[in-house]
Amino acid sequence: WLRRGRDPDQVCLVAVNFTPTPRESYRMRVPFGGGWREIFNSDADLYGGSNMGNGGRIEAVNTEHGPMLDLVLPPLAGVILVPER
């Protein structure tokens, strides 16, 4: 889901995988193109996880339907991303 602030440009993307299966290239539409920074990954080794994720940053892909992210969603974990502005 997207969480927006009072300013329309203030947004964060929260994606959670409730299954034990990793999801690679999980495509999600986002409101902004460009880079997105992964600010939280509950599967990080810091929290005892396998450190699967988006490497701290991912670039939106422009498609006919608008900008999309091809996310890596770790199993039984959640990630939070914000646009680089």
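Everything below is about the structure printed above this text.
This report concerns the structure included in the present document. (Residues numbered from 1 in each chain as written. Predicted model: local features only at pLDDT ≥ 70, side-chain atom pairs only at ≥ 80, totals over all residues. Heavy atoms only, no water.)

### Section: unusual backbone geometry
Then step 1. Even without a glycine there, the phi angle at N51 is positive, about 70°.
Then step 2. Mapped onto the elements of the fold, N51 is located in the loop between strand 4 (35–41) and strand 5 (57–59).
Then step 3. By relative accessible area, N51 is classed as partly exposed at 48%.
Then step 4. In this model, L76 sits at a positive phi of 50°, which is unusual for a non-glycine residue.
Then step 5. As for its placement among the helices and strands, L76 is situated in the loop between strand 7 (66–73) and strand 8 (77–83). (Helix = DSSP H or I, 4+ residues; strand = E, 2+ residues; numbered from the N terminus. Buried < 20%, exposed > 50% of the residue type's maximum accessible area, 1.4 Å probe, protein only.)

### Looking at the sheet that holds strand 1 (residues 2–4)
Then step 1. What the five strands build is an open sheet, ordered 1-2-8-4-5; its pairing is antiparallel. The open sheet has two edge strands with one neighbour each: strand 1 and strand 5. Direction aside, neighbouring strands of the sheet carry axes that sit 30° apart on average.
Then step 2. Note: strand 1 against strand 2 (residues 11–17), three bridges, orientation antiparallel. Residue pairing in the sheet places R3 in a bridge with C12 of strand 2. (Pairing = 2+ DSSP bridges. Axes fitted to C-alpha atoms, helices over the stretch in contact; angles between N-to-C directions.)

### What about the pattern of salt bridges?
Then step 1. Under the counting rule described, the total for this entry stands at three salt bridges.
Then step 2. In this structure, the salt-bridge partner of R27 is D70, at a minimum N-O distance of 2.8 Å. In this pair, R27 is assigned in strand 3 (residues 23–29) and D70 in strand 7, connecting sequence segments 43 residues apart.
Then step 3. Residue classification places D70 among the partly exposed positions, given a relative accessible area of 26%.
Then step 4. The residue E84 makes a salt bridge to R57 at a minimum N-O spacing of 3.0 Å. In this pair, E84 is assigned in the segment after strand 8 and R57 in strand 5, connecting sequence segments 27 residues apart.
Then step 5. With relative accessibility at 36%, the residue E84 sits in the partly exposed group.
Then step 6. In this structure R57 comes out as partly exposed when scored by relative accessible area, which is 41%.
Then step 7. Residues participating in the shared-partner salt-bridge network are R57, E59 and E84. (Salt bridge = Lys/Arg side-chain N within 4 Å of Asp/Glu carboxyl O.)

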